[in-house]
Amino acid sequence: MHEFNQPLITAWQLVAGADARLADIVFLSLRVSLSATLIACVAGMPMGALLAVGRFPGRRVLIVLFNGLMGLPPVVVGLLVYLLLSRAGPLGRFGLLFSPSAMIIAQAILVTPIVAALTRQVIADAWSEYREQLRSLGAGRTRAAATLLWDGRFSLTTAALAGFGRAIAEVGAVMIVGGNIDGVTRVMTTTIALETSKGDLPLALALGFILIALVLAINALAYALRGWAQRKWG
Amino acid sequence: MGAWLAIDHLGLTEGGTNIIDDVSLTLAAQRTVILGPNGAGKSTLLRLIHGLLHPGSGRMHWPGVLTQAMVFQRPVMLRTTALANVIYGLKLKGHTAAESEQRARQALARVGLEQLAQRPARLLSGGEQQRVALARAWALEPQLLILDEPTASLDPASSREVERIITDIAAGARILMTTHNLGQARRLAEEIVFIDRGRVVEQTPVGQFFCLPQTGAAQRFLKEEIP
């Protein structure tokens, strides 16, 4: 029992003492995953809305593709971005590999299909309700997509959140393109993986607690926001 | 007054069923009410005229192009204020922000909702939402207002209020509507178009329709609707 308790106690001390190394790792994780989610929302939400209301050749194929890409394996995304950014790759001259930017790119690619597919679902439901009214008022499809994105802004927090949850929790992509360099590209998940394999459990556990708490807190926040929006706007 | 719409052998088929079956109709009255049993094709006909659906056959001839607006059975409100919902329609028609707001406020006042302008539209009662929808349509100053059972899901008091507003709008626009409320049809219509199973059965002035319906189908319909 002692062997199990000791790491827990040390972990708690790290969290409670706001350990500097721990804080750096947590902030880098947040910076990378929030940036990736932001990019994914900016790219994926309009895509999802246009897939929901648009009529263009290849639409069905794209819908199936995005739904399928929701389950994209992070290590594969990591590998592809690695190939793109490596010295010999097409984007190698930017020297982004093993930097937080590379991690943001990889996670954005991973998360965009999730945001787009969930947005498409939300907007498609709204479209079936609003379609005739919006067309009657003279809204074209692009305008209708923009209107529905705005109208569904609170429901869409769920899509953003699912994307963020995926980004913050994945390890494969950031490990490959970030390289898990101490103080530079080490994030919560890669640290947990490394420290666990080294047998240094307290830091891994402390990060695990923070990761869980963070995900729960953000979900609670989103839940509260949706409840507030429901009461405020119906 | 001359005809404002001539419908010529209009047809719409869906899944092997003729929803609109060879409809030819000339509309000239200021206020026309389409009556008919459930599933007769009333709503479909309105949507064809409004351009929301495309006919499978036949054509529509508009002697003069009329600007249109439509009010649906269930009002669709955006998640914003009542005022912004009315402004939205005006902006889509290309009005400036200042002009839109002014016209939207006037329209809300005309439906008696100026004091609710800043309230979230979706939290208004069903009757109030329908009045916002009427204001949204009215603000566009359409020459033809199409209404698809605008009072079907409302309580009697709200229905009367909506009816009053429709009467007011009718002073400056042609009205084409469907309803299940025969009293309402009698009060609002100049002319009744009775349709059954996608076909126009009868088109008569309102007084005649309720006293002396010309066809057996209309007689049966009136007998069932007025016990």
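Reading the values: the criteria
Residue numbers run consecutively from 1 along every chain, following the written order of its sequence. Chains carry letters from A onward and ligands carry numbers from 1 onward, assigned in written order. In keeping with the predicted nature of the model, local features appear solely for residues at pLDDT of at least 70, side-chain atom pairs appear and are counted solely at 80 or more, and the whole-chain, interface and lining totals rest on all residues. Helical segments are the DSSP runs of H or I of at least four residues, strand segments are the runs of E of at least two, and each set is numbered from the N terminus. Burial is judged by counting the other C-beta atoms within 10 Å of a residue's own C-beta: 20 or more makes it buried, 12 or fewer makes it exposed, and any count in between marks it as partly exposed, with every C-beta position built from the backbone. Contact between two residues is assigned whenever their backbone-derived C-beta positions fall within 7 Å. At any given residue, the bend is defined as the angle formed between two axes, one fitted to the seven residues that end at that position and one fitted to the seven that begin there. Nonpolar cores are built from buried Ala, Val, Leu, Ile, Met, Phe, Trp, Tyr and Cys residues. These are joined into a set through C-beta atoms within 7 Å. DSSP calls a pair of strands paired once it identifies at least 2 bridges connecting them. Simply put, an axis is a line fit to the C-alpha atoms, just over the touching stretch for a helix, and the angle between two N-to-C directions goes from 0 to 180 degrees. Any angle that falls under 35 degrees is termed roughly parallel, while one over 145 is termed roughly antiparallel, one within 65 to 115 roughly perpendicular, and all others oblique. For any pair of crossing helices, the crossing counts as left-handed if the nearer helix is rotated counterclockwise from the farther one by less than a right angle, and right-handed if it is rotated clockwise. Residues are grouped as follows: Ala, Val, Leu, Ile, Met, Phe, Trp, Tyr, Cys and Pro are nonpolar; Asp, Glu, Lys and Arg are charged; all remaining types, including Gly, are polar. Look down the strands so they point away from you; if going from the first strand over the helix to the second traces a clockwise path, that crossover is right-handed.

A. Inspection of the overall build of chain A at higher detail. When you go through chain A residue by residue, the secondary structure sums to 10 helices and 0 strands. Ordered by position in the sequence, the α and β elements of chain A form the string α-α-α-α-α-α-α-α-α-α. Its C-alpha atoms put chain A at 70 × 50 × 25 Å along the principal axes. Going through the 234 residues of chain A one by one, you find that 40% of them count as buried. Taking contacts inside chain A between residues at least 6 apart in sequence as the whole, the part at least 24 apart equals 79%.

B. Fine view of the overall build of chain B. The helix and strand tally for chain B stands at 8 helices and 9 strands. C-alpha extents for chain B along the principal axes are approximately 50 × 40 × 40 Å. Looking at chain B as a whole, 44% of its 227 residues qualify as buried.

C. Focus on helix H5 (residues 100-136) of chain A. Residues and elements named next belong to chain A. A bend of about 60 degrees at Tyr130 is the largest found in H5. With 26 of its 37 residues buried, H5 lies for the most part within the structure. At the C-terminal side of H5, Gly138 shows a positive phi close to 95 degrees.

D. Representation of the nonpolar core within the structure. Core analysis: the largest hydrophobic core is formed by 133 residues, its most contacted members being Ala106(A), Val115(A), Val177(A), Ala82(B), Val86(B), Leu108(B) and Ala135(B). Element by element, the count of residues in this core is highest for H5(A), at 19 residues. If near-sequence neighbours (up to four positions away) are discounted, Ala106(A) is found in contact with Val77(A), Gly78(A), Val81(A), Ala173(A), Val174(A) and Val177(A).

E. Inspection of the sheet that holds strand S1 (residues 5-14) of chain B at higher detail. All names here are of chain B. Strand order in the open sheet formed by 3 strands is S2-S1-S4, and the pairing between neighbours is antiparallel. The two strands at the open ends of the sheet, each matched to only one other strand, are strand S2 (17-27) and strand S4 (57-61). The average angle at which neighbouring strand axes cross in this sheet is 15 degrees, direction not considered. Judged from the 7 bridges that link them, S1 and S2 form a sheet pairing that is antiparallel. Counterpart to Thr13 in the pairing with S2 is Asn18. In the packing of helix H1 (residues 42-50) onto the sheet, contacts are made with S1, S2 and S4, and the angle to S2 comes to roughly 60 degrees.

F. Here's a closer look at unusual backbone geometry. Phi is positive for Asn180(A), close to 55 degrees, though the residue is something other than glycine. Secondary-structure assignment places Asn180(A) in the loop between helix H8 (172-178) and helix H9 (188-198).

G. Examining the packing of helix H2 (residues 20-53) of chain A against helix H6 (residues 141-151) of chain A more closely. Residue and element names in this part refer to chain A. The interhelical angle for the contact between H2 and H6, taken along N-to-C directions, is 125 degrees, at an axis separation of 9 Å. In terms of orientation, H2 lies oblique with respect to H6. Our pair here, H2 against H6, has a crossing hand that is right-handed. Two secondary-structure elements touch here, H2 through Met45, Ala49, Leu50 and Val53 and H6 through Arg141, Ala144, Ala145, Leu148 and Leu149. The class makeup of the residues in the contact of H2 with H6 is 8 nonpolar, no polar and 1 charged.

H. Quick peek at the pairing of strand S6 (residues 144-148) of chain B. All names here are of chain B. Most of S6 is tucked away, with 4 of its 5 residues classed as buried. Of the strand pairs in this sheet, strand S5 (residues 68-71) and S6 are connected by 4 bridges, and their pairing is parallel. Looking across to S6, one finds that Met70 is bridged to Ile146. Inspection of the sheet shows S6 paired to strand S7 (residues 174-178) by 5 bridges, in the parallel sense. Looking at S7, one finds that Ile146 is bridged to Leu176. Between the parallel elements S6 and S7, the chain passes through helix H5 (residues 156-170) in a crossover that is right-handed.

I. How the structure looks around the sheet that holds strand S8 (residues 191-196) of chain B. Residue and element names in this part refer to chain B. Spatially, the 6 strands line up as an open sheet ordered S5-S6-S7-S3-S8-S9, and their pairing is mixed. What marks the edges here is a single partner per strand, and that holds for S5 and strand S9 (199-205). Between one strand and the next, the sheet's axes are offset by a mean angle of 15 degrees, whatever the strand orientation.

J. Structural context of the packing of H2(A) against helix H7 (residues 156-169) of chain A. Residue and element names in this part refer to chain A. In contact at an axis separation of 9 Å, H2 and H7 are set at 140 degrees when each is read in the N-to-C sense. Judged by the inter-axis angle, H2 sits oblique to H7. Every pair of crossing elements has a handedness; the one defined by H2 and H7 is right-handed. Residues Ser29, Ser33, Ala36, Thr37, Ala40, Cys41 and Met45 of H2 touch H7, and the partners they reach there are Leu156, Ala160, Gly163, Phe164, Ala167 and Ile168.

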